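These are the residues of each chain, in order.
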Amino acid sequence: MFNPAQSAALQSIWHGHRSTMISVKITDRKVEALDIISLTLASYSDMPLPLFTAGAHVDVEVKPGLIRQYSLCPNSGNANDVGQYKIAVLKDATSRGGSIALHTVEVGQTLRISAPRNLFPLAPDARRSILFAGGIGITPILAMADALSKHNANFTLHYCARSPEHMAFRTRLKEGSFADRICFHYDDGPQDQKLDVEATIAAEGPDAHIYVCGPSGFIDLVVKTASAHGLPSAHIHREYFAADPASTAAGSGAFQIKIASSGQLLTVPEGKTALDILRSSGIDVVSSCELGVCGACITGVLEGVPDHRDMCLMASEREANTSFTPCCSRAHSTMLLLDL
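Residues numbered from 1 in each chain as written. Predicted model: local features only at pLDDT ≥ 70, side-chain atom pairs only at ≥ 80, totals over all residues. Heavy atoms only, no water.

Peer 1: I tried to follow the pairing of strand 9 (residues 182-186) on my own but got confused; where do I start?
Peer 2: The side chains of a regular strand alternate, residue by residue, between the two faces of the sheet. Counting buried positions along strand 9 yields 4 of 5 residues, so the element is predominantly enclosed. Bridging between strand 8 (residues 155-161) and strand 9 involves 5 bridges; their strand directions are parallel. Each bridged residue has a counterpart across the sheet, and for leucine 157 the counterpart in strand 9 is isoleucine 182. (Buried < 20%, exposed > 50% of the residue type's maximum accessible area, 1.4 Å probe, protein only. Helix = DSSP H or I, 4+ residues; strand = E, 2+ residues; numbered from the N terminus. Pairing = 2+ DSSP bridges.)

Peer 1: Before we go on, may I ask you to explain the sheet that holds strand 4 (residues 66-73) in this structure?
Peer 2: By definition, the strands of a sheet pair up through backbone hydrogen bonds, in either a parallel or an antiparallel sense. As summarised here, the arrangement of the 6 strands in space is 1-2-5-4-3-6, forming a closed barrel in which the pairing is antiparallel. Direction aside, the axes of adjacent strands within the sheet are offset by 45° on average. Examined bridge by bridge, strand 3 (residues 57-63) and strand 6 (residues 110-113) share 2 bridges and lie antiparallel to one another. Bridging across to strand 6, glutamate 61 finds its partner in arginine 112. Lying over the sheet, helix 3 (residues 138-150) contacts strand 4 and strand 5 (84-90), oriented at roughly 30° with respect to strand 4. (Axes fitted to C-alpha atoms, helices over the stretch in contact; angles between N-to-C directions. Contact = heavy atoms within 4.5 Å.)

Peer 1: Looking at this structure, I do not really get the environment of tyrosine 85. What am I missing?
Peer 2: Position of tyrosine 85 relative to the elements: it lies in strand 5. In this structure, the C-alpha to C-alpha distance between tyrosine 85 and proline 116, residues 31 residues apart in sequence, is 10.0 Å. Those residues in contact with tyrosine 85, other than ones at most four positions away along the chain, are Leu39, Thr40, Leu41, Leu49, Pro50, Phe52, Val58, Leu72, Ile113 and Pro116. For tyrosine 85, the side chain forms a polar contact with the main-chain oxygen of proline 50, separated by 2.7 Å. (Polar contact = N/O pair within 3.5 Å; in protein donor to acceptor, adjacent residues only side chain to side chain.)

Peer 1: Would you explain the nonpolar core in this entry?
Peer 2: A general trend in soluble globular proteins is that nonpolar side chains are found buried together. If you look at the biggest cluster of nonpolar residues, it comprises 31 residues, and the most contacted ones within it are Leu131, Ile138, Ile141, Leu157, Tyr159, Phe169 and Leu173. Elements with a minimum of two residues in this core: strand 7 (129-134), helix 3, strand 8, strand 9 and strand 10 (209-213). Among the elements that line this core, the one with the most residues is helix 3, at 7 residues. When residues no more than four places from it in sequence are discounted, the contact partners of isoleucine 141 are Phe120, Leu131, Phe132, Ala133, Leu157, Tyr211 and Cys213. Counting 22 residues, the second largest nonpolar core, distinct from the first, contains Ile37, Leu41, Val89 and Leu102. (Core = buried A, V, L, I, M, F, W, Y, C linked by side-chain atoms within 4.5 Å.)

Peer 1: Explain the layout of surface pockets here, please?
Peer 2: Leftover empty space is mapped by rolling, across the atoms, a probe with the size of a water molecule. Size it by volume and the second largest pocket reaches roughly 380 Å³. Lining the second largest pocket are 20 residues; nearest its centre among them are Val223, Arg238, Tyr240, Met314 and Ala315. At the level of elements, helix 6 (216-228), strand 11 (236-239) and helix 9 (315-320) are the ones that each hand at least two residues to the lining of the second largest pocket. Classifying every residue of the lining of the second largest pocket gives 10 nonpolar, 5 polar and 5 charged. (1 Å grid on protein atoms, 1.4 Å probe; cavity = no way out; pocket = protein on both sides within 12 Å on 5 of 7 lines; lining within 4 Å. Points joined across faces, edges and corners; volume = space filled by probe spheres on them. Nonpolar A, V, L, I, M, F, W, Y, C, P; charged D, E, K, R; others polar.)

Peer 1: Is there a simple way to think about the sheet that holds strand 7 in this case?
Peer 2: Within the open sheet, the 5 strands sit side by side as 9-8-7-10-11. Their pairing is parallel. Since the sheet does not close on itself, it has two edges, and those belong to strand 9 and strand 11, each with one partner. Taking the axes of each pair of neighbouring strands and ignoring which way they run, one obtains an average angle of 15° across the sheet. Pairing between strand 10 and strand 11: 4 bridges, direction parallel. By the bridge assignment for strand 11, valine 212 is matched with arginine 238. Packing against the sheet, helix 3 makes contact with strand 7, strand 8, strand 10 and strand 11, and its axis sits at approximately 155° to strand 7. Most of the contacts of helix 6 go to strand 10, to which it runs at about 165°, and overall it touches strand 7, strand 8, strand 10 and strand 11.

Peer 1: Quick question: what am I supposed to make of the pattern of salt bridges here?
Peer 2: Any two side chains of opposite charge can pair if their charged atoms end up close together. With the rule as written, the count across this model stands at 7 salt bridges. For lysine 150, the salt bridge identified is with aspartate 146, shortest N-O distance 3.0 Å. Taken together, the positions of lysine 150 and aspartate 146, both in helix 3 and 4 residues apart, correspond to about one turn of that helix. Among the residues examined, lysine 150 registers a relative accessible area of 51% and is labelled exposed. (Salt bridge = Lys/Arg side-chain N within 4 Å of Asp/Glu carboxyl O.)

Okay, here's the thing in structure tokens:
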């Protein structure tokens, strides 16, 4: 029987040791759309999997040395089904090996995953929420819609895909309890059903909250439009699947990092990341994607001004200059004092 206190305790333990990975078994594999599969993951032990909140993701060890992040979506309509997790995987032609490898797994195989981590949470006090999903970006957005529906919240979901065949969870959404809150948009459909981002956001007041996940261009369009219509940055929430290679390139000259606990001063040369230098100096920093997307390596900054090149920090966090992603970001100041 599920014990909420036990699960919460386990989640706390896992978050305290983010590098810990546990083994889960694949109990179901389903084709959800063209080039998209879902995998249902269950614990091997009697200990329930930790609860997760809408927008959360897990790190998945695809194979030794290759870790990728996948958003969690509700399994059978229950985001807090502690017995199992569900992830969706797009077979990406530009994949660096992760999605293609996961498309070859079968029921019964073992994967190792991290505890859920949420860098894309719902705002608890939102008057109204507008959800935008592009392609596989439906995975965290589906969890959000499910959670909002269960709390009788005011929301609308706009789901965009190239065609109905490319739309994951389409049947589930069309037949679900909040089908009347969903607008489906297809690139190959009539013009009048395509998403008009400008008109959609213009119709909302400045107290609405916008959530968007999908391809980078899609996210950028929604974010820029929302900003142009006066929505504060704290009301614009987004999650990227990959960082912009130009923004994460290890360039722009050398800088120094200082370790607050020891006073050790290290130089990060051009062509190397701060994470590279920290590791080579024997300083352990938890990391995962190493692209500035997942947030696993976020490190506190006590002095100095980071050159933020990540895709995970909110605008307010960047402006505060108290957080740093050593896997990709650099420095505007000559030195950063890190809370390590």
